[in-house]
Amino acid sequence: MHVKLCLPMGTACMHTSSTVMYFSRYGKVFKTHLLGRPLIMSTDPEINSAVMQNGKAFAPFYPKSIIELSGKYSILKMDANLHKRFHGLISKFLKSEESLQFITRNVASSVNLAVHAWEEKHRIYVQDETYQIAFPMLVWSLLGIVSDREMDLLKEEFTEAKERMMILVKEIIKEKAERNDDRARTCVADVLISEFHESSDETTVEMISNVIIEMMIPGHHSVPILMTLALKYISDSPAVRKKLLEENLELKKKKSRIGDGYQWSDYLSLPFTQNVIYETLRMANIVNSIWRKSLADTEIKGYLFPKGWCVATSFATVHFDESIYENPFEFNPWRWEGKGGLNQTTFTPFGGGQRLSGIHHYQIGSIDFSPPFRYQFQVWVAEDDKIITFPTVKMKNRLPVILSPISDPLGD
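Residues numbered from 1 in each chain as written. Predicted model: local features only at pLDDT ≥ 70, side-chain atom pairs only at ≥ 80, totals over all residues. Heavy atoms only, no water.

Within an unreviewed UniProt entry, the label attached to the protein chain reads Cytochrome P450, and the organism entered is Zingiber officinale.

The structure is reproduced here in structure tokens:
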């Protein structure tokens with residue numbers, strides 16, 4: 001077979017709104033240079049999947065500046081086997097029924113506190129409010145239930161001083177390790193402490209603490225932004241808003257009649273709401289691209305990926321590829337009806353790797369956060385706002401909305 005070296009030469013551009021049109025001039029695979037390194041850019045979903053799944057031929061790659069900024073025990077500096085072990089443990093736990101039920105219960109309380117505060121406000125900034133809701137979600141997922149004082153300190157140190165936050169997280173991990181027993185594993189820290197029996201050792205505590213913080217940093221951004229974008233897309237589409245209202249009110253009436261709280265299984269019983277989540281993930285592209293480094297000369301679909309070259313797998317271009325998604329720039333949750341399962345080659349909102357478990361936490365957050373806007377408040381967008389995609393995805397004006405309480409959402 002004739003093997004080619006991605007001959008088209010182009011420039012890598014990560015601006016989501018124009019990525020598809022920009023890349024089309026070079027084809028689905030082309031070579032370029034970025035950060036002083038030879039790079040192959042792939043917008044082909046099959047090649048992306050092969051690169052992401054082949055851990056023997058392609059290894060995670062991070063720019064030197066990122067490595068230098070990371071801590072001594074950062075997950076970025078772990079050897080491949082230990083890195084894989086950590087990822088496997090965390091992913092398995094976050095996808096477990098036990099974890100989902102625990103987070104479901106606690107996220108509801110966080111949302112209820114926020115909604116109570118909104119009743120005294122006429123105008124809120126959705127992006128700010130979602131950050132306030134998402135932070136406790138992350139803490140509960142990663143560290144479990146902490147005291148109000150610890151939660152306040154974590155929130156303060158997260159935005160002001162990462163070093164002091166590391167000290168606080170290490171104290172929490174040490175306390176958990178010292179009283180480690182056969183209790184239920186309700187957070188990532190519990191799982192890692194139970195797995196690494198020598199967790200009272202200073203090095204292991206440091207390593208676990210680093211992993212926790214490195215999961216909090218991207219989660220603190222991605223979860224609230226996805227929740228904000230969901231509301232933005234819903235607000236822009238009356239038909240979507242109407243369908244969501246009907247589906248969620250039906251479930252709310254059912255739960256009110258039997259006097260029962262929400263369970264994870266209840267969320268899965270909302271098919272259109274699930275479709276809205278998938279469509280939000282497709283359009284948001286929080287994880288735009290992931291880099292890998294070729295460990296050996298590797299051929300995929302007739303292309304040669306030379307040893308030592310970096311590969312950037314672009315996911316946004318796949319999500320906006322009109323040969324895969326009809327009218328790809330249109331927010332259309334109905335496109336997911338009758339799919340019979342997600343295609344993890346063409347739908348990779350978290351990169352196609354271990355971070356797929358993030359979908360579950362976004363589902364909980366967005367579903368639990370969105371109902372107040374659907375049947376507890378009338379919502380009007382206070383001013384035009386637009387989505388910014390560089391250097392990170394966010395709303396330019398933090399999505400200001402005007403609220404008006406609905407007196408009888410159930411119509412009883």
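Requested: an account of the overall build of the protein chain, with residues and values cited.
What the protein chain contains, in helices and strands, is 16 helices and 12 strands. Across the 412 residues that make up the protein chain, the buried fraction comes to 51%. Put simply, of all contacts in the protein chain between residues at least 6 apart along the chain, 69% involve residues at least 24 apart. With the model as given, the accessible surface of the protein chain reaches about 19,600 Å², and the carbon-plus-sulfur share is 52%. (Helix = DSSP H or I, 4+ residues; strand = E, 2+ residues; numbered from the N terminus. Buried < 20%, exposed > 50% of the residue type's maximum accessible area, 1.4 Å probe, protein only. Contact = heavy atoms within 4.5 Å. Areas by Shrake-Rupley, 256 points an atom, 1.4 Å probe, with all protein chains shown as cover.)

Which residues make up the confidence of the model for the protein chain, and what are the values?
Mean pLDDT for the protein chain: 83, with 85% of residues reaching 70 or above. Across the protein chain, the element-wise mean pLDDT spans from 60 in helix 15 (residues 358-369) up to 96 in strand 6 (residues 298-300). (pLDDT = per-residue confidence, 0-100.)

How would you summarise the sheet that holds strand 4 (residues 123-125) if you had to cite specific residues and measurements?
Across the sheet, three strands lie side by side as 4-12-9; this open sheet has antiparallel pairing. The two strands at the open ends of the sheet, each matched to only one other strand, are strand 4 and strand 9 (377-381). Looking at each pair of strands side by side, their axes are set apart by 35° on average, direction ignored. Both strand 9 and strand 12 (residues 400-405) contribute to a ladder of five bridges, which runs antiparallel. Of the residues in strand 12, the one forming a bridge with Phe377 is Pro405. Helix 6 (residues 126-143) contacts strand 4 and strand 12 of the sheet and is inclined by roughly 65° relative to strand 4. (Pairing = 2+ DSSP bridges. Axes fitted to C-alpha atoms, helices over the stretch in contact; angles between N-to-C directions.)

Any details on the sheet that holds strand 5 (residues 289-294)? Residues and values, ideally.
The five strands are arranged 1-2-8-5-3 in an open sheet whose pairing can be described as mixed. Edge positions in the open sheet fall to strand 1 (29-34) and strand 3 (58-60), since each of these has one partner strand only. Taking each pair of neighbouring strands and ignoring which way they run, the sheet shows an average axis angle of 35°. Contacts from helix 2 (residues 45-53) reach strand 1, strand 2 (37-42), strand 3, strand 5 and strand 8 (310-314) within the one sheet, and its direction differs from that of strand 8 by about 125°.

Talk me through the packing of aromatic side chains; I want residue IDs and the actual numbers.
According to the stated counting rule, one finds 13 aromatic pairs in the structure shown. Ring centres 5.5 Å apart and planes at 65° place the aromatic pair Phe135 and Phe158 in the edge-to-face group. One end of the pair, Phe135, is in helix 6; the other, Phe158, is in helix 7 (residues 148-160), and 23 residues separate them in sequence. Centre to centre, the rings of Tyr278 and Trp336 are 5.7 Å apart; their planes meet at 55°, and the pair counts as tilted. Taken together, the residues Tyr278 in helix 13 (residues 271-284) and Trp336 in the loop between helix 14 (316-319) and helix 15 connect sequence positions 58 residues apart. There is no split in this pair, since Tyr278 and Trp336 are both buried. Among the aromatic side chains, those forming a connected cluster through ring pairs are Tyr278, Tyr325, Trp336 and Phe347. Across from the ring centre of Phe272, 6.0 Å away, lies the NZ or CZ of Lys243, which sits over that ring. (Phe/Tyr/Trp six-rings, centres within 6.5 Å; stacked < 30°, edge-to-face > 60°. Lys NZ or Arg CZ within 6 Å of the ring centre and 35° of its normal.)

Could you give an account of the nonpolar core, naming the residues involved and the relevant values?
Nonpolar side chains in soluble globular proteins generally cluster together in the buried interior. In this structure, Leu143, Leu154, Leu192 and Ile212 are the most contacted members of the largest nonpolar core, which totals 78 residues. In this structure, Leu143 is in contact with Leu138, Leu154, Val169, Ile172, Ile173, Lys176, Cys187, Ala189 and Ile212, ignoring residues within four places of it in sequence. Val29, Ile40, Phe58 and Val311 belong to the second-largest nonpolar core, a separate cluster that totals 11 residues. (Core = buried A, V, L, I, M, F, W, Y, C linked by side-chain atoms within 4.5 Å.)

An account of the side chain of Arg282 is requested, with residue identities and associated values reported.
Within the fold, Arg282 resides in helix 13. For Arg282, a relative accessible area of 0% corresponds to the buried category. Sequence-distant contacts of Arg282, defined by excluding residues within four places in its chain, comprise His319, Phe320, Tyr325, Pro328, Glu330, Arg335, Trp336 and Phe347.

Before we move on, can you summarise helix 10 (residues 202-235) with the specific residues and values?
Taking 1.5 Å as the rise per residue, helix 10 with 34 residues should run 50 Å; its terminal C-alpha atoms sit 50 Å apart, in good agreement. Burial of helix 10 is extensive: 26 of the 34 residues sit out of reach of the surface. N-capping of helix 10 is provided by Asp201, with a side-chain oxygen placed 3.0 Å from the backbone N of Thr203. (Expected span 1.5 Å × (residues − 1). Polar contact = N/O pair within 3.5 Å; in protein donor to acceptor, adjacent residues only side chain to side chain.)

Could you give me a rundown of the environment of Lys77, with the residues and numbers involved?
Mapped onto the secondary structure, Lys77 falls in the loop between helix 3 (64-69) and helix 4 (80-94). Not counting residues up to four positions away in its chain, the partners in contact with Lys77 are Ile67, Ser70, Gly71 and Lys72.

If you had to explain a negative patch on the surface to someone new, which residues and values would you point to?
A contiguous patch of negative charge on the surface is contributed by Asp148, Asp152, Glu156 and Glu160. Tracing the chain through its elements places Glu160 in helix 7. (Patch = residues over 30% accessible without salt bridge, like charges linked within 9 Å, V, L, I, M, F, W, Y side chains within 5 Å. Salt bridge = Lys/Arg side-chain N within 4 Å of Asp/Glu carboxyl O. Lys, Arg positive; Asp, Glu negative; His and termini not counted. Charge placed at Lys NZ, Arg CZ, Asp CG, Glu CD.)

Describe the pairing of strand 2, listing the residues and the values that go with them.
As defined by bridge partners, strand 1 adjoins strand 2 across six bridges and the pair is classed as antiparallel. By the bridge assignment, Thr32 is partnered in strand 2 with Leu39. Connecting strand 1 to the next strand, strand 2, in antiparallel fashion are two residues, including Leu35 with a positive phi near 55°. One ladder, built from four bridges, connects strand 2 with strand 8; its direction is parallel. Pairing of Met41 across the sheet is with Ala312, part of strand 8.

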